[in-house]
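# Observations on the model geometry
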Amino acid sequence: MLRAVAAVPRTPYFTSVLRKMSSSTSPACPKFVSVEGSDIHRINKPDGFRFSLVSYNILAQTYVKSSLFPHSPSSCLRWKPRSSAILEVLKNLGADFFCLQEVDEFDSYYKGSMLELGYSSIYIKRTGKKHDGCGLFYKHDRAEMVLEEKIEYNDLVKSIQDGNSSNDDEHSNVQTDKQKDVAPTNEDRGDPNDPCVRLKRHCVGILAAFKLKDPFCHVVIVANTHIYWDPEWADVKLAQAKYLLSRLAQFKKLVSDRYECIPEVIVAGDFNSTPGDMVYKYLISGNPSSELMSDSLEEPPIPLCSVYASTRGEPPFTNYTPGFTGTLDYILFCPSDCIKPVAFLELPDPNAADIVGGLPNFSHPSDHLPIGAQFEIIKE
């Protein structure tokens, strides 16, 4: 299990670096590197159709407050420069699919801005009083969306109220121990001992099926999600992960029946879970090669592998702040003879000058880093 990396506090030297960045540094643009370690432009001619996918928690502006990010220069937290920097990062990456989390200002900014770059989009806003959601953007000259479903994890509450225990028992691990300590926050979460209240976290996700515009019109399912954040509520995270894969299995069957195919499956998002914890173990426990399989977790309905874990190992961090530094974001895929990851998006070194001190900053407009993969699909 990877442990959180301690963030380095700001120093006079670091402050001077930030001042220079404010006038001279554009957002960092990571590169895709082949799994063999060479530049993707130098690898051999592909055997099949290749496409790229990036997952990125872009940090909703509604959560950007100087009090929450005292380590960040105030000028890089403002909406106009930060939104422009995020768009520049996405443009430079140029992925065929973007799975974005914490997207607010969708209708007023991201939808139109990404359309100008050649991307169509699907969006689901979080329920309740939340202002952000998940957005799935895709190049319409590379893929055609044929089916979509949206996930509201609050539906888990309905399954309890209806007494429905047949839906993979998503809520079986929800803890109601009255002695359980719950970390105090500004979020009004209600009575933590009531499972219906406990599961109502207003988190969402998207499932979408695409016909790739390759010679064989392969069908690929892409799922994008953002799981609940609180480490003290790991049972809620696990319930959401189970519900996601249950819905994904049903969606895959629907796509298979309707389009008479066996679709490839990719799942991406911010799972707010570190490598080795029970959500991570559950997500990959259906993979026979996993060393993290646990008898305490039933096998999920769809076996998944992590792109990074199966190629270079999970990165030491995807979220970097003085309060927490660790890996929370993943791109997972269902292994098959038809799909394989051939490249991944490089992440910066923990000691890189544009990382030290914590994010966001002038080089990185979010407290998360984008992760990505290039996949190759081969005709059977």
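Structural data are supplied above this passage.
Residues numbered from 1 in each chain as written. Predicted model: local features only at pLDDT ≥ 70, side-chain atom pairs only at ≥ 80, totals over all residues. Heavy atoms only, no water.

A few words on the sheet that holds strand β9 (residues 264–270). Pairing is mixed in the open sheet, where six strands are placed in the order β6-β7-β8-β9-β13-β10. Of all the strands in the sheet, just β6 (143–152) and β10 (305–306) have a single pairing partner and so form its edges. By the bridge criterion, seven bridges tie strand β7 (residues 204–212) to strand β8 (residues 219–226) in an arrangement that is antiparallel. Opposite A209, over in β8, you have I221 as the bridge partner. Each of β6, β7, β8 and β9 touches helix α6 (residues 234–259); the most contacted strand, β6, lies at about 145 degrees to it. (Pairing = 2+ DSSP bridges. Helix = DSSP H or I, 4+ residues; strand = E, 2+ residues; numbered from the N terminus. Contact = heavy atoms within 4.5 Å. Axes fitted to C-alpha atoms, helices over the stretch in contact; angles between N-to-C directions.)

Attention now goes to the state of the cysteines. Taken as a whole and assessed by the stated rule, the structure comprises zero disulfides. C203 supplies the cysteine sulfur nearest to C134, a cysteine that is in no disulfide, at a spacing of 8.7 Å. (Disulfide = S-S within 2.5 Å.)

A few words now on helix α3 (residues 106–116). Since the α-helix turns once every 3.6 residues, residues separated by three or four places project in the same direction. Within the span of α3, buried status applies to F106, Y109, Y110, S113 and M114. In an axial view of α3, the angular spread of the buried residues amounts to 125 degrees, which keeps them on one side of the axis. Residues of α3 that are exposed and point more than 90 degrees away from the buried face comprise D107, S108 and E116. Close packing links the buried residues of α3 with α2 (79–93), β3 (97–103), β4 (119–125) and β5 (133–139). Backbone geometry just downstream of α3 places G118 in the positive-phi region, at approximately 100 degrees. (Buried < 20%, exposed > 50% of the residue type's maximum accessible area, 1.4 Å probe, protein only. Arc of directions from axis to C-beta.)

Taking 1.5 Å of rise per residue, the 26 residues of α6 would be expected to cover 38 Å, and the 37 Å separating its terminal C-alpha atoms lies within 8% of that figure. A positive phi of about 50 degrees marks E260, the residue just after α6. (Expected span 1.5 Å × (residues − 1).)

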